[in-house]
Amino acid sequence: MSARRAVTLIRSDSLAGSVEYAYAATAPADARLIFLAGACPLDLEGATVGVGDYAAQAAQCVANLRTALDDAGALLSDVVSTRVLVASTRQADLVTAWRVVRAAFGDHDPPSTLLGVTVLGYDQQLIEIEAVAAVQG
């Protein structure tokens, strides 16, 4: 669990207000940055969870992201930014994954990029979530 919140989310009145994320985020110079590998939809044995199911894979990625953050002494609320990769050419699949990820973050809506990609690294993998977090204390 993080000692003090280090992340400040920045909104802009000069950009569209309809987006579901902050446009920028900062962390103080003395914050400890945590660079997380892409969270994948893998179980403890390394098998892909939720084959063919974008929402199930996004949920597993979020669960694995939470675990990695916890191991580093951080929470989802310490995340500075995310990148959500979705193996699909269909915007609806990206939206399905995004809804799961966005819901997991609750009131903390860090800057995020949502990308459709051709293929990801594991067999039958549809989703991957990269993140950077910052903690103080």
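Above: the structure in question.
Keep in mind it's a predicted model, so treat the numbers as computed, not measured. In this convention, every chain numbers its residues from 1, walking through the sequence in written order. At least 70 in pLDDT is required for a residue's local features to be given in this predicted model, at least 80 for side-chain atom pairs to be given and counted, and no such filter applies to totals for whole chains, interfaces and linings, which use all residues. In computing side-chain properties, one takes all heavy atoms of the structure into account and sets aside hydrogens as well as water.

S.K.: Please explain the overall build of the protein chain as it appears in this structure.
M.R.: Counting its regular elements, the protein chain contains two helices and seven strands. Along the protein chain, helices and strands appear, N-terminal first, in the series β-β-β-β-α-β-α-β-β. All radius of gyration figures rest on C-alpha atoms, and the globule criterion is 2.2 Å times the number of residues raised to 0.38. Taking 137 residues into account, the globule formula puts the C-alpha radius of gyration at 14 Å, and the protein chain, at 15 Å, falls close to it. Residue exposure (1.4 Å probe, protein chains only): buried if accessible area is under 20% of the type maximum, exposed if over 50%, otherwise partly exposed. Out of the 137 residues in the protein chain, the part that is buried amounts to 39%. Only heavy atoms enter the contact rule, under which two residues are in contact if any of them lie within 4.5 Å. Relative to all contacts within the protein chain whose residues are 6 or more apart in sequence, the contacts with residues 24 or more apart total 75%. When the accessible surface of the protein chain is totalled, it reaches about 7,400 Å², and 52% of it is carbon and sulfur. Averaging the positions of the 9 positive and the 15 negative side-chain charges in the protein chain gives two centres separated by 7 Å. What counts as a helix is a DSSP run of H or I of at least four residues, what counts as a strand is a run of E of at least two, and both are numbered from the N terminus. Surface accessibility in these figures is a Shrake-Rupley result with a 1.4 Å probe; residues are shielded only by whichever protein chains are displayed. Charge counting treats Lys and Arg as positive and Asp and Glu as negative, with His and both chain ends excluded. All charge positions are set by atom: Lys at NZ, Arg at CZ, Asp at CG, Glu at CD.

S.K.: What should I look at first to understand empty space enclosed by the protein in this one?
M.R.: Any space left empty among the atoms is revealed by the rolling of a water-sized probe across them. Using protein atoms alone on a 1 Å grid, points that fit a 1.4 Å probe yet trap it form a cavity, whereas open point sets bounded by protein on both sides within 12 Å along at least five of seven lines form a pocket; residues with an atom within 4 Å of a point count as lining. Grid points are joined across faces, edges and corners, and a volume is the space filled by probe spheres set on the points. Taken as a whole and judged by the stated rule, the model has one cavity of 30 Å³ or more. Approximately 60 Å³ is the volume found for the largest cavity. If you trace the largest cavity, you find it lined by Glu20, Thr82, Trp98, Val101, Arg102, Phe105, His108, Asp109, Pro110 and Ser112. Per element, the largest residue contribution to the lining of the largest cavity is four residues, and it comes from helix α2 (residues 91–105). Considering only residue class, the lining of the largest cavity consists of four nonpolar, three polar and three charged. Note on residue categories: nonpolar means Ala, Val, Leu, Ile, Met, Phe, Trp, Tyr, Cys or Pro, charged means Asp, Glu, Lys or Arg, and polar means any other residue, Gly included.

S.K.: Got a minute to help me understand the nonpolar core in this structure?
M.R.: The nonpolar side chains of soluble globular proteins are, as a tendency, buried together. In terms of nonpolar packing, the biggest core is built from 25 residues, with Leu36, Leu65, Leu69, Val86, Val101, Ile127 and Ile129 touching the most fellow members. If you list the elements that add at least two residues to this core, you get β4 (32–39), α1 (54–71), β5 (79–87), α2 and β7 (127–136). The dominant element in this core, judged by the number of residues it contributes, is α1, at six residues. Setting aside residues no more than four positions away along its own chain, leucine 69 makes contact with Leu36, Ala74, Leu75, Leu76, Val79 and Ala133. Core analysis: the second largest hydrophobic core is formed by five residues, Val7, Ala31, Val80 and Ala134 among them. Nonpolar core, defined: a set of buried Ala, Val, Leu, Ile, Met, Phe, Trp, Tyr and Cys residues in which side-chain atoms within 4.5 Å join the residues together.

S.K.: Hey, could you run me through the pattern of salt bridges in this one?
M.R.: Should the charged atoms of two oppositely charged side chains come close, the side chains can pair. Put simply, a salt bridge is a Lys or Arg side-chain nitrogen that is within 4 Å of an Asp or Glu carboxyl oxygen. With the rule as written, the count across this model stands at three salt bridges. One salt bridge in this structure joins aspartate 109 and arginine 11, with 2.8 Å as the shortest N-O distance. Here arginine 11 lies in the loop between β2 (8–10) and β3 (24–26) and aspartate 109 lies in the loop between α2 and β6 (112–117), a separation of 98 residues in the sequence. The exposure class assigned to aspartate 109 is buried, which follows from its relative accessible area of 11%. Of the charged contacts in the structure, one is a salt bridge between glutamate 130 and arginine 83, with a shortest N-O distance of 2.7 Å.

S.K.: Explain the pairing of β7 to me, please; I cannot follow it from the model alone.
M.R.: The side chains of a regular strand alternate between both faces of the sheet. Among the ten residues of β7, eight are classified as buried, and the element is accordingly described as predominantly covered. What makes two strands pair is DSSP finding at least two bridges between them. Where β4 and β7 come together, six bridges link them in antiparallel fashion. Its bridge partner being in β7, isoleucine 34 is matched across the sheet by alanine 133. Here β5 runs beside β7; their pairing, made up of seven bridges, is antiparallel.

Remember, this is a structural readout, not a statement about activity or role.
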